[in-house]
Amino acid sequence: VIPSMRSLTAEEYVEAFKSFLDHSTEHQCMDEFNKEEMPNIMARSTVLHVNGSFPLAVLFTGLGADLKMIRILQAAHPGVFIDNEIVEPNPQHVAAYKELINQAPDLQNVSFIWHQLTSSEYEQQVKEEGTHKKFDFIHMIQMLYRVEDIPNTIKFFHSRLDHHGKLLIIILSDSSGWASLWKKYRHCLPSTDSGHYITSNGIMDILKRLGFQYRVFEFPSGWDITECFIEGDPVGGLMMDFLTGTKNFLGMAPLGLRQGLQEALCQPECSSKKDGRIIFSNNLSMIVVES
């Protein structure tokens, strides 16, 4: 019996995701956005907190930002207490984030509430409990690919914004190689990749239909995928697992599918060559939605 391809488990995803982060400028790209745009966005978003008498309520869905967002909030609102809730289903991501908090000496005026749930489970819990809590800032970083109903998820989290609040959605740009891969070369991807193939234009279409006001910031990012083409390379194997959402894709996929995907990844609309390396375009769109 030939074993069939299967999706990554939560633990396997964490390992494959790490190989992506180690070889991409994803976090540097977010850092650039945080440095260039976030202070202005945050300073304008929460006028009530100038005198420090109100806590700043923030909700993070997905843990792509580590503690950097907290520190930007602290800098924008010195002395203000920050009430931070986190929604993240992956126990390993939660454990890693808690460890970062334990090692941080500058979080005395920050409280943390943890919801180890998917965003839809969290939404259900909020509705069942009849919670009316509002947030000054909500971020959804690279997480809309895995929700069941994207328009309703955005609508729900937007409904949790307080007056002057901001919702930050970080999603792959339509100028990225992912957009070309998902539109033009979808036939090269295995059915085990069960996420939504959505990029910034799809999110903007949803926001327009919902009648929400938003601004978009585009930031370039790259991912060195050279090892994906080196036979038997363990890092390349993990990268391909991340790309396809599939365990041991290079070992398990039919030859035609494997070769088709490797050819697609080399196309100029997906990747460029630099100093003999193959750099996949991982450009990001930062979408700031008004309350």
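Just so it is clear, the structure is predicted and the values come from calculations on it, not from any experiment.

Calculation rules
- Residues numbered from 1 in each chain as written.
- Predicted model: local features only at pLDDT ≥ 70, side-chain atom pairs only at ≥ 80, totals over all residues.
- Heavy atoms only, no water.
- Phe/Tyr/Trp six-rings, centres within 6.5 Å; stacked < 30°, edge-to-face > 60°.
- Helix = DSSP H or I, 4+ residues; strand = E, 2+ residues; numbered from the N terminus.
- Buried < 20%, exposed > 50% of the residue type's maximum accessible area, 1.4 Å probe, protein only.
- Arc of directions from axis to C-beta.
- Contact = heavy atoms within 4.5 Å.
- Pairing = 2+ DSSP bridges.
- Axes fitted to C-alpha atoms, helices over the stretch in contact; angles between N-to-C directions.
- Parallel < 35°, antiparallel > 145°, perpendicular 65-115°, else oblique.
- Left-handed = near helix turned anticlockwise from the far one by under 90°.
- Nonpolar A, V, L, I, M, F, W, Y, C, P; charged D, E, K, R; others polar.

## What about the packing of aromatic side chains?
Line of reasoning, step 1. The tally for this structure, following the rule as stated, stands at 22 aromatic pairs.
Line of reasoning, step 2. Seen in terms of ring centroids, tryptophan 178 and tryptophan 223 are 5.8 Å apart; in terms of plane orientation they differ by 10°. Their pairing is stacked. In this pair, tryptophan 178 sits in helix α8 (residues 177-184) while tryptophan 223 sits in strand β7 (residues 222-224), placing the two residues 45 residues apart along the sequence.
Line of reasoning, step 3. What makes tryptophan 178 buried here is its relative accessible area of 5%.
Line of reasoning, step 4. Of the aromatic side chains, those joined through ring pairs into one cluster are Tyr13, Phe17, Phe20, Tyr145, Trp178, Trp182, Tyr197, Trp223, Phe242 and Phe280.

## Topic: helix α6 (residues 119-129)
In an α-helix, one turn spans 3.6 residues; hence positions three or four apart end up facing the same way.
Line of reasoning, step 1. The complete set of buried residues in α6 reads Ser119, Tyr122, Glu123 and Val126. For α6, the angular spread of the buried residues around the axis is 100°, confining them to a single face.
Line of reasoning, step 2. Looking at the buried positions of α6, the neighbouring elements they touch are β1 (56-61), β2 (82-87), β3 (110-115), β4 (135-141) and α7 (150-159).
Line of reasoning, step 3. Trailing α6 by a residue or two, glycine 130 shows a phi angle of about 65°, which is positive.

## Some points on the environment of glutamate 123
Line of reasoning, step 1. Take glutamate 123: it is sitting in helix α6.
Line of reasoning, step 2. Classification of glutamate 123 by relative accessible area gives buried; the value is 13%.
Line of reasoning, step 3. Dropping the residues within four chain positions of it, glutamate 123 is found in contact with Thr153 and Phe156.

## Description of unusual backbone geometry
Line of reasoning, step 1. Within the chain, histidine 164 stands out as a residue other than glycine whose phi angle is a positive 70°.
Line of reasoning, step 2. Using a relative accessible area of 33% as the deciding quantity, one classes histidine 164 as partly exposed.

## Section: the sheet that holds β4
Line of reasoning, step 1. Strand order in the open sheet formed by seven strands is β3-β2-β1-β4-β5-β10-β6, and the pairing between neighbours is mixed. The sheet terminates laterally at β3 and β6 (214-219), the two strands that pair on one side only. If you compare each strand with its neighbour and ignore which way they point, the axes differ by 15° on average.
Line of reasoning, step 2. Across the face of the sheet, α7 comes into contact with β1, β4, β5 (161-172) and β10 (284-290) while running at roughly 145° to β5.

## Some points on the packing of α6 against α7
Line of reasoning, step 1. Two elements in contact, α6 and α7, have axes separated by 11 Å at closest approach and are oriented at 50°. Here α6 is positioned oblique relative to α7, judged by the angle of their axes. Seen from above, α6 lies across α7 with left-handed handedness. Between α6 and α7, the contacting residues are Ser119, Tyr122, Glu123, Val126 and Lys127 on the first element and Thr153, Phe156 and Phe157 on the second.
Line of reasoning, step 2. Across the contact of α6 with α7, the residue classes break down as four nonpolar, two polar and two charged.

## A word on helix α9 (residues 200-210)
Line of reasoning, step 1. Buried within α9 we find Ser200, Ile203, Met204, Ile206 and Leu207. Along the axis of α9, the buried residues cluster in a sector spanning 160°; they form a single face. Set apart from the buried face of α9 by more than 90 degrees, the exposed residues are Lys208 and Arg209.
Line of reasoning, step 2. For α9, the secondary structure elements touched by its buried residues are α7, β5, β6 and β10.
Line of reasoning, step 3. In the segment just after α9, glycine 211 is the residue with positive phi, at about 75°.

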